[in-house]
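Residue-level listing of the chains:
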Amino acid sequence: MKVQDVTFDGATFDHGHRFLADTGFLGERTMVNGTLDPYAEVGDERVRLRLLSASTARIYTFGFDDDRAFDLVGTDGGCWRRPSPGVPDRPAVDRGLELPEADDAVRSRHFEVRRSGINGQPMAMDRIDETVTRGTTEVWTLRNGGDMTHNFHVHDVQFRVLDVNGERPEPALRDRKDTVAVPMGATVRIALRFDGPADPDVPYMYHCHLLSHEDDGVMGQFVVVGKGQRAGEVPDHAGH
Ligand SMILES: [Cu+2]
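Notes on the structure follow. (Residues numbered from 1 in each chain as written. Predicted model: local features only at pLDDT ≥ 70, side-chain atom pairs only at ≥ 80, totals over all residues.)

## Observations concerning the sheet that holds strand E14 (residues 150-154)
And then number 1: Reading across from one edge, E12-E19-E18-E14-E16 is the order of the 5 strands in this open sheet, with mixed pairing throughout. The open sheet has two free edges, formed respectively by strand E12 (130-133) and strand E16 (179-182), since each of these has just one partner strand. This sheet shows a mean twist of 25° between the axes of neighbouring strands, independent of strand direction.
And then number 2: Sheet topology places E14 next to strand E18 (residues 204-208); 3 bridges connect them, and they run antiparallel. Paired with Val154 across the two strands is Tyr206, which belongs to E18. (Pairing = 2+ DSSP bridges. Helix = DSSP H or I, 4+ residues; strand = E, 2+ residues; numbered from the N terminus. Axes fitted to C-alpha atoms, helices over the stretch in contact; angles between N-to-C directions.)

## Some words on the environment of Glu233
And then number 1: Looking at the secondary structure, you find Glu233 in the segment after strand E19 (219-225).
And then number 2: With 33 residues separating them along the chain, Glu233 and Pro200 place their C-alpha atoms 7.6 Å apart.

## Examining the nonpolar core
And then number 1: In this structure, Val113, Leu142, Phe152, Ile190 and Leu192 are the most contacted members of the largest nonpolar core, which totals 30 residues.
And then number 2: When residues of this core are traced back to their parent elements, those giving at least two are strand E10 (105-114), strand E13 (137-143), E14, strand E15 (160-164), E16, strand E17 (187-193), E18 and E19.
And then number 3: Beyond its immediate stretch of four places on either side in the chain, Phe152 contacts Val113, Leu142, Thr179, Val180, Val182, Tyr206 and Cys208. (Core = buried A, V, L, I, M, F, W, Y, C linked by C-beta atoms within 7 Å. Buried ≥ 20, exposed ≤ 12 C-beta atoms within 10 Å, placed from the backbone. Contact = placed C-beta atoms within 7 Å.)

## Concerning the pairing of E13
Side-chain direction in a regular strand flips from residue to residue, so the side chains alternate between the two faces of the sheet.
And then number 1: Of the strand pairs in this sheet, E10 and E13 are connected by 7 bridges, and their pairing is parallel. The partner of Ala105 across the bridge, within E13, is Thr137.
And then number 2: Sheet analysis places E13 next to E17, joined by 7 bridges and oriented antiparallel. Looking at E17, one finds that Arg143 is bridged to Thr187.

Structure, rendered in structure tokens:
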């Protein structure tokens, strides 16, 4: 189910992108799979829905009209390692992917996330902000001192949410994640293990996942390098 909020101008989309405050585009109607007022007939059976938000700014809360309970079996990191009782086991491909342990962290970093940028500056294509050693675990502290939620997304890894304002995260945040909402005034700590491809010259990104924010540079770049290696040269993207 691909969900997206839209605004119409007559029979066509309104591409004027009316922005609400600084959050980004918030549409007036919700479409599912490109359809208004959609429905699907299902039988007396267990149904699994895969929800994909195609919205650029809106945050959704999903539920049923009659408040019936349902099982959450996966989030952005894929199917959970420990699905709810009664739910068929996850696909074999997901086995063996363990969550990073905070105790293994060799380094911690702090990210102050604001509308104006991360750690005081907007993203620059020719600047590497962080250099991470491949095969290590780190703890990143995400702090939102601004006045709106930012949705922090990290490329390359699936991470563990350690705590939100010092408290154990809610159940939906307790398995592998690649994006975590950092509400205004909140501090979120995550543990990340960098086992993916390393290249001192080719950076990964971390950024706010609200489209207008990442467009405006609420984003930074990191490279993953071999032990003892330094960050390399970032290609000059001038003119792109
Ligand atoms: Cu943001």
